[in-house]
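Fold and contact review
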There are 2 protein chains.
Amino acid sequence: MLGILRTDYMRAVPAAAQPGAETAEQWKNVEVNTISCSFAGLSPLVGDFHQYLQQHQRLVTQTRSADELSRTITGNIERSTSGVDVPAALAAAVAAWRAQLAAHYGRFCEDYSRAHPGVNPTQLQPVVLVVVQENERNTGDQYKLLFELLRAHDIRSIRRTHAQVHDALELVDVAAAPGADRVPPFAVLEGQYLCAVVYYRSAYVPEDYPTEATWRARLLLERSNAVKCPSVPYHLLTFKKIQQLLFSDPERVLRDLGLGGDAAAAALVQQHFMPQYSLNRHEYAAGAGDPEAYIQQAIAAPDDYVLKPQLEGGGNLIAGAEMVALLAQTTETDHPALYHKIRQEYILMRRINFPVVTGVVFRHGEIHVLQQNLCSELGVYGTILSDGRYDASHNAGQQQEQGGSHHHYHNAVAGYIVRSKPADVADGGVMAGVACLDCALLVD
Amino acid sequence: MLGILRTDYMRAVPAAAQPGAETAEQWKNVEVNTISCSFAGLSPLVGDFHQYLQQHQRLVTQTRSADELSRTITGNIERSTSGVDVPAALAAAVAAWRAQLAAHYGRFCEDYSRAHPGVNPTQLQPVVLVVVQENERNTGDQYKLLFELLRAHDIRSIRRTHAQVHDALELVDVAAAPGADRVPPFAVLEGQYLCAVVYYRSAYVPEDYPTEATWRARLLLERSNAVKCPSVPYHLLTFKKIQQLLFSDPERVLRDLGLGGDAAAAALVQQHFMPQYSLNRHEYAAGAGDPEAYIQQAIAAPDDYVLKPQLEGGGNLIAGAEMVALLAQTTETDHPALYHKIRQEYILMRRINFPVVTGVVFRHGEIHVLQQNLCSELGVYGTILSDGRYDASHNAGQQQEQGGSHHHYHNAVAGYIVRSKPADVADGGVMAGVACLDCALLVD
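Residues numbered from 1 in each chain as written. Chains lettered and ligands numbered in written order. Predicted model: local features only at pLDDT ≥ 70, side-chain atom pairs only at ≥ 80, totals over all residues. Heavy atoms only, no water.

Looking only at helices and strands, chain A features 14 helices and 17 strands. Here chain A has a C-alpha radius of gyration of 24 Å; the compact-globule value for 444 residues is 22 Å, and the two agree. C-alpha extents for chain A along the principal axes are approximately 75 × 65 × 45 Å. Here chain A holds 444 residues, and 46% of them are scored as buried. Per element, the accessible surface of chain A, about 21,700 Å² overall, is 55% carbon and sulfur. In chain A, the 36 positive side-chain charges and the 48 negative ones have mean positions that sit 3 Å from each other. (Helix = DSSP H or I, 4+ residues; strand = E, 2+ residues; numbered from the N terminus. Rg over C-alpha atoms; globule rule 2.2 N^0.38 Å. Buried < 20%, exposed > 50% of the residue type's maximum accessible area, 1.4 Å probe, protein only. Areas by Shrake-Rupley, 256 points an atom, 1.4 Å probe, with all protein chains shown as cover. Lys, Arg positive; Asp, Glu negative; His and termini not counted. Charge placed at Lys NZ, Arg CZ, Asp CG, Glu CD.)

In this section: unusual backbone geometry. With an omega dihedral of 0 degrees, the bond running from A:C229 to A:P230 counts as a cis peptide bond. With phi around 55 degrees, B:N135 is a residue other than glycine that occupies positive phi space. Along the chain, the position of B:N135 falls in the loop between β4 (125–131) and α4 (139–153).

For the rest of this paragraph, the subject is a nonpolar patch on the surface. All names here are of chain A. Judged by side-chain polarity, F49, L53, V360, F362, I367 and V369 come together as a nonpolar surface patch covering roughly 610 Å² of accessible area. Among the secondary structure elements, those contributing two or more residues to the nonpolar patch are α1 (43–61), β13 (357–363) and β14 (366–386). Given a relative accessible area of 44%, L53 falls into the partly exposed group. (Patch = residues over 30% accessible without salt bridge, like charges linked within 9 Å, V, L, I, M, F, W, Y side chains within 5 Å. Salt bridge = Lys/Arg side-chain N within 4 Å of Asp/Glu carboxyl O.)

On to the UniProt feature "domain: Glutathione synthase substrate-binding" (unreviewed entry) in chain A, then. Within the UniProt annotation, "domain: Glutathione synthase substrate-binding" (unreviewed entry) is assigned to residues 127–236 of chain A. Helix makes up 35% of residues 127–236 of chain A and strand 26%, whereas the separation of the span's terminal C-alpha atoms amounts to 25 Å. (UniProt positions renumbered as here; feature names shortened; annotations may be inferred.)

Turning our attention to the domain arrangement of chain A. In terms of domain boundaries, chain A breaks down into domain 1 (82–237) and domain 2 (275–350). Measuring from the centre of the C-alpha atoms in domain 1 of chain A to the corresponding centre in domain 2 of chain A gives 39 Å. (Domains from an automatic or database assignment.)

Residue and element names in this part refer to chain A. The three strands are arranged β10-β12-β11 in an open sheet whose pairing can be described as antiparallel. Strand pairing shows two members of the sheet lacking a second neighbour, β10 (276–278) and β11 (305–308), which therefore form its edges. Direction aside, neighbouring strands of the sheet carry axes that sit 25 degrees apart on average. Pairing of β10 with strand β12 (residues 347–350) involves three bridges; the strand directions are antiparallel. Residue pairing in the sheet places S278 in a bridge with I347 of β12. Running at roughly 110 degrees to β10, helix α8 (residues 240–248) makes contact with β10, β11 and β12 of the sheet. Against the sheet, helix α12 (residues 320–329) engages β11 and β12, with an angle of about 70 degrees to β11. (Pairing = 2+ DSSP bridges. Axes fitted to C-alpha atoms, helices over the stretch in contact; angles between N-to-C directions. Contact = heavy atoms within 4.5 Å.)

Turning to the relation of the copies chain A and chain B, a few remarks are in order. With an RMSD of 0.0 Å, the fit of chain A onto chain B corresponds to turning through 180 degrees and sliding 0.0 Å along the axis. Between the two chains, the operation in question is that of a two-fold axis. No C-alpha of chain A lies nearer the rotation axis than that of A:L45, which sits 7.5 Å from it. (Least-squares fit on C-alpha atoms with pLDDT ≥ 70 in both.)

Once that is clear, we can look at the interface of chain A and chain B. Taken together, the contacts link 17 residues of chain A with 18 residues of chain B. For the pair chain A and chain B, the summed buried surface comes to about 2,000 Å²; carbon and sulfur atoms form 53% of the total. Connecting chain A to chain B are two salt bridges. With a closest N to O distance of 3.1 Å, A:R58 and B:D154 form a salt bridge. For the pair chain A and chain B, the interface holds 12 residue pairs in polar contact (both at pLDDT 80 or more). Elements with a contribution of two residues or more to the side of chain A that touches chain B: α1 and α4 (139–153) of chain A. The greatest single-element share of the side of chain A that touches chain B, amounting to six residues, is contributed by α1(A). Per-class residue counts for the side of chain A that touches chain B are six nonpolar, six polar and five charged. (Buried area = accessible area lost by both parts, 1.4 Å probe. Polar contact = N/O pair within 3.5 Å; in protein donor to acceptor, adjacent residues only side chain to side chain. Nonpolar A, V, L, I, M, F, W, Y, C, P; charged D, E, K, R; others polar.)

Here the focus is the UniProt feature "binding site: substrate" (unreviewed entry) in chain A. Residues and elements named next belong to chain A. Following the UniProt record, one finds the feature "binding site: substrate" (unreviewed entry) at Q142 and R419. Summarising the element assignment, Q142 is placed in helix α4. The contacts of Q142, once residues within four sequence positions are left out, are V132, E136, R159 and R201. In terms of polar contacts, Q142 uses its side chain to reach the side chain of E136, at 3.4 Å. If you trace the backbone, R419 turns up in strand β15 (residues 408–422). For R419, a relative accessible area of 13% puts it in the buried group. Within the local environment of R419, its side chain forms a polar contact with the side chain of D8, the two groups lying 3.0 Å apart.

Turning our eyes to something else, we now look at the packing of α4(A) against helix α1 (residues 43–61) of chain B. Two numbers describe how α4(A) lies on α1(B): the axes approach to 10 Å, and their chain directions differ by 65 degrees. If you check the angle between α4(A) and α1(B), you find them roughly perpendicular. Seen from above, α4(A) lies across α1(B) with left-handed handedness. Of the residues in α1(B), those in contact with A:F147, A:L150 and A:R151 of α4(A) are B:Y52, B:Q55, B:H56 and B:L59. (Parallel < 35°, antiparallel > 145°, perpendicular 65-115°, else oblique. Left-handed = near helix turned anticlockwise from the far one by under 90°.)

Residues and elements named next belong to chain B. Tallied over the full model, the rule gives 18 aromatic pairs over all chains. When the centroid spacing of 5.6 Å and the interplanar angle of 35 degrees are considered together, the rings of F108 and Y112 count as tilted. With F108 and Y112 both in helix α3 (residues 82–115) and four residues apart, the pair spans about one turn of that helix. The same class applies to F108 and to Y112, which are both buried. (Phe/Tyr/Trp six-rings, centres within 6.5 Å; stacked < 30°, edge-to-face > 60°.)

Now for the pairing of strand β12 (residues 347–350) of chain B. As judged from the four bridges shared by strand β11 (residues 305–308) of chain B and β12(B), these two strands associate in the antiparallel manner. Among the inter-strand pairings, B:K308 is bridged to a residue of β12(B), identified as B:I347.

Between its first and last C-alpha, α1(A) extends 27 Å over 19 residues, near the 27 Å set by a 1.5 Å rise per residue. Considered for burial, the residues of α1(A) that qualify are A:S43, A:P44, A:V46, A:G47, A:H50, A:Q55, A:L59, A:V60 and A:T61. (Expected span 1.5 Å × (residues − 1).)

Time to look at α3(B). Spanning 34 residues, α3(B) covers only 42 Å between terminal C-alpha atoms, well under the ideal 50 Å at 1.5 Å per step. Largest kink in α3(B): about 65 degrees, centred on B:A102. (Bend = angle between axes of the 7 residues up to and from the residue.)

Residues and elements named next belong to chain B. Contact geometry for α3 and α4: axes closest at 9 Å, N-to-C directions at 65 degrees. As the angle between them shows, α3 and α4 are arranged roughly perpendicular. The interaxial crossing formed by α3 with α4 has right-handed handedness. Along the contact surface, α3 presents S82, G83, V84, V86, P87, A88, L90 and A91, while α4 presents L145, E148, L149 and H153. For the contact of α3 with α4, the class distribution of residues is eight nonpolar, three polar and one charged.

Right, let's talk about the confidence of the model for chain A for a bit. Mean pLDDT over chain A stands at 88; residues scoring 70 or higher make up 91%. As a predicted assembly, this complex carries a pTM of 0.86 together with an ipTM value of 0.79. (pLDDT = per-residue confidence, 0-100.)

Should their charged atoms come close, side chains of opposite charge can pair. All names here are of chain A. Under the criterion given, the structure shown has 34 salt bridges over all chains. Notably, a salt bridge pairs D8 with R6, separated by 2.9 Å at the nearest N-O pair. The exposure class of D8 is buried, given its relative accessible area of 0%. By sharing partners, the salt bridges in this structure join R6, D8, E377 and R419 into a single network.

Below is the structure:
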């Protein structure tokens, strides 16, 4: 199973003070995206664009006075490697699929020929099936990755919606080899393609399943032997519940389940999570905390909290007056369903007090200077390819040392993106027209 | 002086026969562009695009039958180097300008300070001034070159129209050094920029000079010490008269003036010119040819000829019925001015019988199959940087061998572009929406 993740961070600074010196642990987790991980393709191009600007700026200032120069920030623009690393992860998944299915491919060909007389099954092409949203607008980002997959790895990809998949997908069962387990069926699309990897760029919001047929398409793909990206387990990482558990149950969830018992690594990771709380009283041991008390704190100090539903992607946060109204006015007697939904599904998180700076954005063909009104979010891409087996007897350190117990074929950072937006706009992403793509300037 | 040229060729084949094997000498000169040399920036990107298509095509066909494969053309797509070579030529011109003016720069600073008290002349930035057309549409091509000039050579460029230049250009004279010649004045634009190179992407059609002010701007730039691209001598190469002379007076013009007396090189070059004729009887020695006879031949066999005015860029050819009407109906008595203009300015050229093939073009977002209706034109970029001196006592071979007599700092091929268009459309370029950018597939 493959994960192409983007974990977003914002820097948290003391509320009243000047930002002061930056430390790594100030960067706090905002969310983990497992499908809505856009801009891995475009991010390097933003770096190139800023590289031109920086070089131009240096020429403009090279003859200026020392006083003017002191106001120029120098440093190195870090070009994101995501445009190369993400396609490499998809290629690694195709290679793993080939290796895993090689022993079954001959029988698949026999079975497929029997079911489709006259068709030569060796002409079915292994592809990366990209499941896209209806009317996807962010196609440039996707094609940048898929062209690199073609160029560098000689792997073809096809982009289809769930509805298109439903109309043309066939699962082909393969008889088990003597004494061996049966493998899941091969996924043949449109009588032409063999799906080696299913790369979801859709299916992270309920609107991506407008019909029963789209749900059935998803189920068929999940049942097939194609490598899913993300797999259902990796997709679970996106839920705010998991991030809350990483903070509130660090021993069991972060250290033992996530990091194979490595307490030092768990401590390093946990400091990047803001305090966040379940609102479900059944999850609290007696005397160990009261979600109703957290709710009252949020109503009393709404600037310090944000309410997060179990959704991925921007635009879903509830904060400020809206949060107060929702929490204060939803009583168990008047709105029992919503009341319980909030307590079972929503997470209450301490709000990140991010630093606000002056910056310039280029949007809709115009340059806007945002005076003390720009904030930035750092998204770090990561790719992970695993066989899905979990062996609790090995911790992370041992996994790396003992060849036989590796579960991960591949597990690495894969570049980054910065998105900057007006600080006085509560929420909203790049595709919503609020935020801009940005990049990091590394300074000493 | 700098030339960034694009010489266009089409392949000429025997009219009645199959094209047969291709030979180098079949490629005939169509025109020499000295300003209207677009697509040096975009050409490499077309190569990349076709590289993707070829790689995709190879994946699609790798499992197909031998019969299908035999219909697939294989070969290597040649990525044009123009996106790198043209900026390198501009950078070489800036370096030559610096070297040539270094001895005068100190006095320039003194004189400029006197005329502009309080201004520090060392803050004037040397730039490449790109003179562009009003409402230029082909900006992507230009910026691709200028970004590379910045990235690879750290040289800044500014794009201005002639009208903008006129309003903000100052020529700054510099006193001659003792015992030395006076240098032409420095060109200071907008009180900020020192024009090292003037790169014309405008001023090749009369419409580029809508006012007297634009003519004056051109004159000021020509009088300055900036390296002009093209210089007036290089610009002359674009005139059809020169190409006609290269064909009809190969000894004097091609061998002696163009190639320093190298008869072998002249013979190689001349075979790439179609027969073409002056229509001016004063240019013919007694008994050596009669332009009125050529005109009668063109009227009798209009498919074999094309009439070319002294203009650069596509869309100016006169052929077919229009040519017949112009030549036959313009009599000396009825239209004396036009009659003499045709005979003094126009060139009559044997038409190139180019091969027509089946091809596919992608235009306005749609794919069009042109069944036996596609023809291609090869444009070869060349860059030449010279000090403008001409020493007739050295031929080309000696110039290369004797260090002291070099006139050319730089003289090299600089990539290529192919433009393909429907064969049944007489004339029209890419920006006119008729032709498409294309690239070459090198086959054995």
